[in-house]
Amino acid sequence: GCHCMGGVTKLAVDPHRPGTVYAALLQGGIYKTNDGGRDWASISPGWLYMTTVGVDLARPDTIYVAGLSQNGDGSRLLRSTDGGRTWATAR
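Definitions and limits used
Residues numbered from 1 in each chain as written. Predicted model: local features only at pLDDT ≥ 70, side-chain atom pairs only at ≥ 80, totals over all residues. Heavy atoms only, no water. Pairing = 2+ DSSP bridges. Helix = DSSP H or I, 4+ residues; strand = E, 2+ residues; numbered from the N terminus. Core = buried A, V, L, I, M, F, W, Y, C linked by side-chain atoms within 4.5 Å. Buried < 20%, exposed > 50% of the residue type's maximum accessible area, 1.4 Å probe, protein only. Contact = heavy atoms within 4.5 Å. Salt bridge = Lys/Arg side-chain N within 4 Å of Asp/Glu carboxyl O.

Peer 1: Before we move on, could you go through the sheet that holds strand β1 (residues 8–13) and cite the residues and values that matter?
Peer 2: Read from one edge to the other, the open sheet built from four strands follows the order β1-β2-β3-β4, with strand pairing classed as antiparallel. Two strands bound the open sheet, and with one partner strand each, they are β1 and β4 (41–42). Judged from the five bridges that link them, β1 and strand β2 (residues 21–25) form a sheet pairing that is antiparallel. Across the sheet, L11 pairs through a bridge with A23, a residue of β2.

Below you can see the structure in the form of structure tokens.
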């Protein structure tokens, strides 16, 4: 059977490109599809436990994720301004 790594905790859809969807997995990071879910790619910022993901409605390449780091240094909010290619701490 499929081990789904704790399941999806949140989905976020790009309002300008409905085929682009981000999924936060409780124990699997962040995944992105550009084709409505046919193909998915990991865009995880190196964290394991992801609790939420959101898309900036005005700037859809800006996404936010929240979760717990793998090294146990606590929870953080991260931001990507390039659709998940790079990440920085959100301020």
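Peer 1: I'd love a proper account of the nonpolar core, names of residues and values included.
Peer 2: A12, Y22, A24, I30, I43, M50, V53, V55, I63, V65 and L78 together form the largest nonpolar core, which totals 11 residues. Of all the secondary-structure elements, those providing two or more residues to this core are β2, β5 (47–55) and β6 (63–69). Examining the composition of this core, we find that three residues originate from one element, β5, more than from any other. Not counting residues up to four positions away in its chain, the partners in contact with Y22 are K10, L11, A12, Y31, K32, I43, V53, V55, P60, I63 and G83.

Peer 1: Tell me about the side chain of T62, and name the residues and values.
Peer 2: Counting through the fold element by element, T62 comes out in the loop between β5 and β6. In this view, T62 contacts G54, V55, D56, R79, S80 and T81; residues no more than four positions away in its chain are not counted.

Peer 1: Report on the environment of G37, specifying residues and quantitative values.
Peer 2: On the secondary structure map, G37 appears in the loop between β3 (29–33) and β4. For G37 and G19, which are 18 residues apart along the polypeptide, the C-alpha to C-alpha distance reads 7.5 Å.

Peer 1: So what's going on with the pattern of salt bridges? Which residues, and what values?
Peer 2: Applying the stated criterion to the full structure yields four salt bridges. Between D61 and R17 there is a salt bridge; the shortest N-O distance is 2.8 Å. Here R17 lies in the loop between β1 and β2 and D61 lies in the loop between β5 and β6, a separation of 44 residues in the sequence. With a relative accessible area of 37%, R17 lands in the partly exposed category. Measuring nitrogen to oxygen at the nearest pair gives 3.0 Å for the salt bridge that ties D56 to R59. Within the structure, one salt-bridge network assembled from shared partners comprises D14, R17 and D61.

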